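Examination of the molecular architecture
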Amino acid sequence: MAIGKSEFARRRRRLMAEMEPGSIAIIPAARLHVRNRDTEYRFRQDSDFYYISGFDEPDAVAVLMPDRKHGEFILFCQERDPELELWTGIREGPEGACANYGADDAFPIDDIDDILPGLLEGRERVYYAMGRDPDFDQHLMQWVNTIRKKTRNGGQPPGEFLELNYLLHEHRLLKSAAEIRQMQTAADISVRAHRRAMEFCRPGQFEYQLEAEIMHEFMASGCRHAAYESIVGSGANACILHYTSNQNKMQAGDLVLIDAGCEHQYYAADITRTFPVSGTFSKPQRQLYELVLASQLAAIDQVQPGRHWNEPHEACVRVLTEGLLELGLLKGRLTTQLKKEGYKRFFMHRTGHWLGMDVHDVGDYRVDDEWRILEIGMVLTVEPGLYIPPDDTSVAKKWRGIGIRIEDDVAITKTGPKVLSAALPKEAEALEQLMQAGQ
Ligand code: GLY
Ligand code: MN
Ligand code: MN
């Protein structure tokens, strides 16, 4: 079940309750973008706009006006137009915006230049995400200038612009029960997709064929979008962190890294597994794999309410550094290697990020110069990896070109970490069994 109307209304009420007196918030929808000549990319609503409105059409603007007598939630949107709708699909129109999306007032987007200055007038502060859409920034300034021109006749332009994101992104960071349910479904679909790719995988196939299996499962489950471009990197391609060309033929003896997650009802999953193309890990592959897994489990253990953001990362790099020393990939003393961050040669990204409507979701990682304290309702990824460059002659040959990442999605609950993607095997043995069952 999708997020209900009452939850969208609650989000608006919460935002308005925190806005300063005499203020207005303006949130533009996403635009359509041309892919080539006269065809466009599939539309994806802006996450902030969707979060407060649930409205998924382009050419719309949401306005929140706390304490406005004639209604606090105003939506500008495309008018109904049977001729155009014949080509591009049914629109809600201002009538639908009120009837189905809880708008108190709704107007055609073409009338915004006439109406919005009147709404801005007399409001002292404007909440807005400046700099995200330069065209819209300009429009907003024009509306403000329209009022400025009228000051001699008593027009009162707003005097202050405030960053909307400070409020809104804090709200988005803490997920409700309904949001976690959406994210669980996104994870479940993505788990099925990864399984399907693992069962299908054979030496001699191309990486894009695994991507096709993944996308099949996403689409067949009603998710037309992946939450990000799927990564299918076999052999040394796994060492390229954002490898998305997925063009190579997979060789027996190589590992393949799949980083893929669907977007379900505007919520993302982000899952990575690395497994042997031919169903069996070689000894060096398995040694590195076990190390990444141990570091991931240590990090997940730290995803507890009351811990700070960096604690999972610290646990992870400690385990990785110990293991790299043991395997001879790093040399020297543990404390020295930890201090000089020697692991960064082989693990150059962080252990995770917030996850939500955006795959790299909103929310600050530091508050008042301190790492943020983890709270119930936050969702994050835990995704350590090891990437041994194929041309690094300073390490023994057997390690070169091995790339491994293991990534799960973790919700913070009052009883500790809940791994939303737990149904996807990650023990080396379980992966081998799953692969071999498919061969
Ligand atoms: N798939 C992008 C990431 O893991 O952050
Ligand atoms: Mn990922
Ligand atoms: Mn990630």
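As a reminder, the structure under discussion sits directly above these lines.
Moving on: the pairing of strand β10 (residues 255-260). The side chains of a regular strand alternate between the sheet's two faces. Summarising burial for β10: six of the six residues are buried, a large majority. Burial of β10 is two-sided: the residues L255, L257 and D259 facing one way and the residues V256, I258 and A260 facing the other way are all buried. Where β10 meets strand β13 (residues 271-276), six bridges bridge the pair, whose relative direction is antiparallel. Of the residues in β13, the one forming a bridge with V256 is F275.

Let us look at empty space enclosed by the protein. In total, this model carries one cavity of 30 Å³ or more according to the counting rule given. Together, W309, N310, P312, H313, R350, T351, G352, L380, T381 and V382 line the largest cavity. Looking at the lining of the largest cavity, the elements that each hand over two or more residues are α11 (311-327) and β16 (379-382). Sort the elements by how many residues they give to the lining of the largest cavity and β16 lands first, with three residues. Grouping the amino acids of the lining of the largest cavity by side-chain chemistry returns four nonpolar, five polar and one charged.

The full set of residues close to ligand 1 is Y228, D259, D270, H353, H360, E383 and E407. Taking D259, its side chain carries an N or O atom lying 3.1 Å from a nitrogen atom of ligand 1. In this structure, H360 approaches ligand 1 through a side-chain N or O atom, which is 2.7 Å from an oxygen atom. Against a free-state accessible area of 190 Å², the protein chains account for coverage of 90% of ligand 1. By residue class, the composition of the shell around ligand 1 is one nonpolar, two polar and four charged.

Covered by surrounding structure in β16 are V379 and T381 together with L380 and V382, the residues of both alternating faces. The pairing of β16 with strand β19 (residues 408-413) spans four bridges and is classified as antiparallel. Its bridge partner being in β19, V382 is matched across the sheet by D408.

Turning next to the coordination of the manganese ion (ligand 3). Protein coordination of the manganese ion (ligand 3) is provided by D270 (OD), H353 (NE2), E383 (OE) and E407 (OE), with donor distances spanning 2.1 to 2.2 Å. For the manganese ion (ligand 3), the six donor atoms are set out with angles of 51 to 155 degrees between them, so the coordination reads as irregular. For the manganese ion (ligand 3), the single-chain donor residues occur in sequence as D-x82-H-x29-E-x23-E. A spacing of 3.3 Å is found between the manganese ion (ligand 3) and the manganese ion (ligand 2), which share D270 as a donor. Within this pair, whereas H353 is found in the loop between α12 (334-339) and β14 (366-367), its partner E407 is found in the loop between β18 (403-405) and β19, the two being separated by 54 residues in sequence. Judged by relative accessible area, H353 falls into the buried class, the value being 9%. With relative accessibility at 0%, the residue E407 sits in the buried group.

Parameters and conventions
- Residues numbered from 1 in each chain as written.
- Chains lettered and ligands numbered in written order.
- Predicted model: local features only at pLDDT ≥ 70, side-chain atom pairs only at ≥ 80, totals over all residues.
- Heavy atoms only, no water.
- Buried < 20%, exposed > 50% of the residue type's maximum accessible area, 1.4 Å probe, protein only.
- Helix = DSSP H or I, 4+ residues; strand = E, 2+ residues; numbered from the N terminus.
- Pairing = 2+ DSSP bridges.
- 1 Å grid on protein atoms, 1.4 Å probe; cavity = no way out; pocket = protein on both sides within 12 Å on 5 of 7 lines; lining within 4 Å.
- Points joined across faces, edges and corners; volume = space filled by probe spheres on them.
- Nonpolar A, V, L, I, M, F, W, Y, C, P; charged D, E, K, R; others polar.
- Near = heavy atom within 4 Å.
- Polar contact = N/O pair within 3.5 Å; in protein donor to acceptor, adjacent residues only side chain to side chain.
- Areas by Shrake-Rupley, 256 points an atom, 1.4 Å probe, with all protein chains shown as cover.
- Donors = N, O, S within 2.8 Å, 3.2 Å for Na, K, Ca; no water.
- Tetrahedral: all angles 85-135°; square planar, octahedral: opposite > 155°, others 65-115°.

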